[in-house]
Amino acid sequence: MTGRLVLAATPIGDVEDASLRLRRLLAEADVVAAEDTRRLRGLASRMGVVIGGRVVSYHEHNEAERAGDLLEVVAGGGTVLVVTDAGMPAVSDPGFRVVEAAVTAGLPVTAAPGPSAVLTALALSGLPTDRFCFEGFPPRKPGERARALAGLATERRTLIFFEAPHRLADTLAAMSEAFGADRPAAVCRELTKTYEEVRRGPLGDLLAWALAGDVRGEIAIVVGGDVGRAAVSTADLVAEVLARADAGERLKDAVSEVAEAAQVPKRDLYAAALAARKR
């Protein structure tokens with residue numbers, strides 16, 4: 001009989017957010033794979049939990065080679081618990097590689113859900129939550145960061161990033177350049193902790209705030225999606241094309257400019273305009 005691999009979320013700040021299931025798993029698991037074993041033992045002490053099994057390190061520098069050892073325990077019928085310093089394993093933290101290996105091997109994988117900096121920041125941002133995407137940490141090098149953000153400039157979903165405090169101002173400046181200084185956003189820091197703070201406003205205002213003070217703590221940046229151009233019907237676009245053509249503009253030129261502005265296929269708009277002319 002095989003065991004199971006369990007990914008468990010740990011508190012992102014307030015220790016009281018630890019679930020009863022996390023407490024039980026720490027006491028019962030055969031092996032606990034932790035991103036930082038010392039931090040895990042400190043957390044367990046604050047929770048008043050005695051870790052019952054063997055504790056091993058599992059971090060970004062050894063996760064590939066350690067995955068096999070962990071899955072041997074699972075295949076032998078044991079329970080392996082994977083935890084990181086804060087939040088959900090595999091979400092901008094170690095965990096993906098061992099899950100991938102377990103799935104490939106056909107071994108059971110489950111999760112003990114709990115605190116998440118991504119979802120907490122999203123919920124507190126005051127920005128749309130119906131559709132969103134998590135982008136993790138932006139690239140550190142200015143050129144790479146600028147290119148990455150430029151590629152997200154037309155993303156309609158709410159964007160969530162992590163960032164280090166000493167790079168916050170540079171990242172907000174790059175976001176203002178890529179998305180526009182008036183794009184709504186929120187900077188969430190020290191979530192669930194004593195000095196929790198959420199600053200909301202246009203990116204330009206948040207940049208000025210970051211430049212004016214010494215911002216500290218763990219930070220999540222939430223940025224509103226691109227609202228884009230309001231949806232326009234094909235009939236309206238055709239009418240615009242024909243009006244420009246009647247005014248003396250070449251039909252193909254009118255189609256090209258209108259299609260590019262509306263972000264619709266030129267071929268489809270041209271065919272629709274020709275069909276409308278024949279009526």
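Residues numbered from 1 in each chain as written. Predicted model: local features only at pLDDT ≥ 70, side-chain atom pairs only at ≥ 80, totals over all residues. Heavy atoms only, no water.

### Section: helix α1 (residues 20-28)
Our working definition: Type-normalised accessible area, obtained with a 1.4 Å probe on protein chains alone, sets the label of each residue: buried when under 20%, exposed when over 50%, and partly exposed for intermediate values. The secondary structure listing takes helices from DSSP runs of H or I that are at least 4 residues long and strands from runs of E that are at least 2 residues long, numbered from the N terminus. It is the directions from the helix axis to the C-beta atoms whose arc is reported. Contacts are assigned to residue pairs that have any heavy atoms within 4.5 Å of one another.
Within the sequence span of α1, burial applies to Leu 22, Leu 25 and Leu 26. Buried residues of α1 fall within an arc of 100 degrees about the axis and therefore sit on the same side. What points out from α1, more than 90 degrees from its buried face, is the exposed set Leu 20 and Glu 28. Its buried side turned inward, α1 meets β1 (4-8), β2 (31-34), α2 (37-47), β4 (79-83) and β5 (109-112).

### A closer look at helix α9 (residues 234-246)
Put simply, the rule is: Take the number of residues in a helix, subtract one, and multiply by 1.5 Å to get its expected span.
Here α9 is 13 residues long and its end C-alpha atoms lie 18 Å apart, about the 18 Å a rise of 1.5 Å per residue gives. Listing the buried residues of α9 in full gives Leu 237, Val 238, Val 241, Leu 242 and Ala 245. Summarising the axial view, the buried residues of α9 lie within an arc of 130 degrees, below the 170-degree limit, and thus occupy one face. Among the exposed residues of α9, those oriented more than 90 degrees off its buried face are Ala 235 and Asp 246. The secondary structure elements touched by the buried residues of α9 are α10 (251-262) and α11 (266-278). Trailing α9 by a residue or two, Gly 248 shows a phi angle of about 115 degrees, which is positive.

### Some points on the packing of helix α6 (residues 142-150) against helix α7 (residues 168-179)
Put simply, the test is: Throughout, an axis means a line fitted to C-alpha atoms (over the contacting stretch in the case of helices), and angles, computed between N-to-C directions, take values from 0 to 180 degrees. Angles below 35 degrees are treated as roughly parallel, those above 145 as roughly antiparallel, those between 65 and 115 as roughly perpendicular, and all remaining angles as oblique. For any helix crossing, the convention is left-handed if the near helix is rotated counterclockwise from the far helix by under a right angle, and right-handed if that rotation is clockwise.
For the pair α6 and α7, the least separation of the axes is 9 Å and the interaxial angle reads 40 degrees. By the angle between their axes, α6 is oblique relative to α7. Considering only the axes of α6 and α7, their crossing is right-handed. Here Arg 145, Leu 149 and Ala 150 of α6 lie close against α7, whose contacting residues are Asp 170, Thr 171, Ala 174, Met 175, Ala 178 and Phe 179.

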